[in-house]
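Spelled out, the chains give:
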Amino acid sequence: MKISVIGCGYLGAVHAACMAELGHDVIGVDVDQEKVDLLSAGRAPFHEPDFEDLLERGVSSGRLSFTTDFAQVADCRVHFIGVGTPQKADAHGADMRYVESAVQSLLPHLADRAVVVGKSTVPVGTADSLEPSVTEAGGVLVWNPEFLRESFAVKDTLQPDRLVYGLSKNPESAEYGLAMVDEVYADIIAAGTPRLLMDFPTAELVKVSANSFLAMKISFINAMAEICDATGADVTKLAEAIGLDDRIGRKFLRAGIGFGGGCLPKDTLAFQARTEELGLESLNFLTDVNAINERRRQRVVDLVVAELGEDLTGMRIAVLGAAFKPNTDDTRESPALDIAERLDRLGADIIITDPAAGPVIAARDPEAPIAADAHEAIEGANITLLLTEWDEFKSLDPTTLAPARKIIIDGRNAIDSTVWKNAGWTYYGMGRS
Ligand code: UDX
């Protein structure tokens, strides 16, 4: 089938390449000419395992192309909207201008009975408000939220846990939209992926509530880490023990410096803002989730100050990790960079290393204090912070490092404290000692 994907950021570009892999003819549309040129050459604008292979394969087979021109998608039967919904500059709610402009740019080119499929994460109520203009342009709207995780984006798109379709209240539109989206995902459905049908607001809420639940799980275990720090208990043992109850589950119970990235922070804030707009101010549990998350970052700063004093002038601090999690170069809302900035404001001499995000930061700003690897960053450091749990940091041999002082703060509870203590290091974990 001939389909388009509007918006070629993380979500859209991966979705486009995966749809081409499923055998569809795909056109990706983006307003950024530089990004379109890069993608057209089969080159990934970001670090994502397996993505570039798919991209190259799609482009060289002729099934995948990219453009800035909406007129090129006029003969597509299905259009996915995968543009970003960042946080508003002056408020917690989602900035909907990219969704609105994508839809407005698309509608004049919509073929009769083409299906517009929303994938962006949006405030509940968005699809209901967009549907009349899509219908008036002769199209049908479906809401199909995306659950992909960065660094597993290809796998999560081609082998998702579930497919969620939000369908129109109009039975004829719902039936037609369902059939068309089923045709796009035929191989994924044939592989046995559960497919859940619901109305627009429920589909929109599935996405934001899933992200809020994940954020809540992380903040819950981080709250336990605070209690463990106060009592001398060990949060990693606690997480293992409660996680074996399969009603709780072991995943997303890694205590540390908290969540970051392009989704969880903004989606929890936007969800909170939306519940307030709906007059549900008393539902404020997400405020606590975010407050706990924020405190984790300050905890690392407080530990550094407790060791080195409040004036960090001239203190070299090695920061291992800049990405918001390992196996990505994405630094959006990165807890690691936020902590580095807080310490920089206290006068510290920060030196950062990250295998994927490091070169990106250095290319953007040649003056940025980026070291080639952990050995170089740690050399002469007064304190070392492990803030993104890349394998190469987890496997460091502490006896081969040459810091000025052997102090490590393990912001991700990622290393074996006994090994480091035996090598003469002072070790601080998050909710464990
Ligand atoms: C998330 C959701 O997982 C995904 O379903 C949604 O579509 C987009 O948002 P992503 O942003 O790629 O995906 O990151 P994720 O793997 O969820 O991690 C988010 C943050 O939480 C990272 O900063 C990670 O380090 C942190 N985290 C995760 C923890 O601190 N502890 C954990 O136990 C798990």
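Because the structure is predicted, anything quoted here is derived from the model rather than measured.

Engineer: For the sheet that holds strand E11 (residues 383-386), give the residues involved together with the corresponding values.
Structural biologist: Read across the sheet, 5 strands follow the order E10-E9-E11-E12-E13 without closing on themselves; strand pairing throughout is parallel. For this open sheet the edge positions go to strand E10 (349-353) and strand E13 (426-428), each flanked by a neighbour on one side alone. Neighbouring strand axes in the sheet, compared pairwise and without regard to direction, differ in orientation by 20 degrees on average. Bridge analysis of E11 against strand E12 (residues 407-410) gives 3 bridges, and the strand direction is parallel. Its bridge partner being in E12, Leu385 is matched across the sheet by Ile409. Along the sheet face, helix H12 (residues 285-308) touches strand E9 (316-320), E11, E12 and E13 and points at about 165 degrees away from the line of E11. In the packing of helix H13 (residues 335-345) onto the sheet, the strands contacted are E9, E10 and E11, and the crossing angle to E10 comes to about 165 degrees.

Engineer: Outline helix H14 (residues 357-364), supporting the account with residue identities and numerical values.
Structural biologist: Note: α-helices contain 3.6 residues per turn, so residues at a spacing of three or four share the same orientation. The set of residues buried in H14 consists of Ala357, Gly358 and Ile361. Angularly, the buried residues of H14 cover 105 degrees about the axis, an arc narrow enough to put them on a single face. Residues of H14 that are exposed and point more than 90 degrees away from the buried face comprise Pro359 and Ala363. In this structure, the buried residues of H14 make contact with H13.

Engineer: Account for the domain arrangement of the chain, with residues named and values stated.
Structural biologist: We note that the domain assignment places domain 1 (2-193) and domain 2 (198-433) within the chain. In this structure, domain 1 and domain 2 have C-alpha centres spaced 32 Å apart. Contact with domain 1, which involves 34 residues of that partner, is made by 27 residues of domain 2. Buried surface at the junction of domain 1 and domain 2, summed over both partners, amounts to about 2500 Å²; 62% is from carbon and sulfur atoms.

Engineer: Just give me the short version of helix H3 (residues 51-61), but keep the residues and values in it.
Structural biologist: Every buried residue of H3 is listed here: Phe51, Leu54, Leu55 and Gly58. Relative to the axis of H3, the buried residues are bounded by an arc of 100 degrees and lie together on one face. Where H3 is buried, its residues contact helix H1 (10-21), helix H2 (33-40), strand E3 (64-67) and helix H6 (153-158). A positive phi of about 85 degrees marks Gly62, the residue just after H3.

Engineer: Lay out the site of the ligand in plain terms, naming residues and giving numbers.
Structural biologist: Inspection of the region around the ligand gives 20 residues, with Phe147, Leu148, Glu150, Arg254 and Phe324 positioned closest. Within the backbone of Glu150, one N or O atom sits 2.7 Å away from an oxygen atom of the ligand. Within the backbone of Gly260, a nitrogen or oxygen atom sits 3.0 Å from an oxygen atom of the ligand. Relative to its free-state accessible area of 670 Å², the ligand is covered by the protein chains to the extent of 95%. Ranked by residues supplied to the shell around the ligand, first place goes to helix H9 (residues 200-231) with 4 residues.

Engineer: Talk me through unusual backbone geometry; I want residue IDs and the actual numbers.
Structural biologist: The backbone of Asp50 sits at a positive phi, close to 75 degrees, despite the residue not being glycine. Within the secondary structure layout, Asp50 lies in the loop between H2 and H3. Overall, Asp50 belongs to the exposed group, its relative accessible area being 51%. Even without glycine at this site, Asn327 takes up a positive phi of about 65 degrees. Inspection of the secondary structure assignment puts Asn327 in the loop between E9 and H13. Judged by relative accessible area, Asn327 falls into the partly exposed class, the value being 39%.

Calculation rules
- Residues numbered from 1 in each chain as written.
- Predicted model: local features only at pLDDT ≥ 70, side-chain atom pairs only at ≥ 80, totals over all residues.
- Heavy atoms only, no water.
- Pairing = 2+ DSSP bridges.
- Helix = DSSP H or I, 4+ residues; strand = E, 2+ residues; numbered from the N terminus.
- Axes fitted to C-alpha atoms, helices over the stretch in contact; angles between N-to-C directions.
- Contact = heavy atoms within 4.5 Å.
- Buried < 20%, exposed > 50% of the residue type's maximum accessible area, 1.4 Å probe, protein only.
- Arc of directions from axis to C-beta.
- Domains from an automatic or database assignment.
- Buried area = accessible area lost by both parts, 1.4 Å probe.
- Near = heavy atom within 4 Å.
- Polar contact = N/O pair within 3.5 Å; in protein donor to acceptor, adjacent residues only side chain to side chain.
- Areas by Shrake-Rupley, 256 points an atom, 1.4 Å probe, with all protein chains shown as cover.

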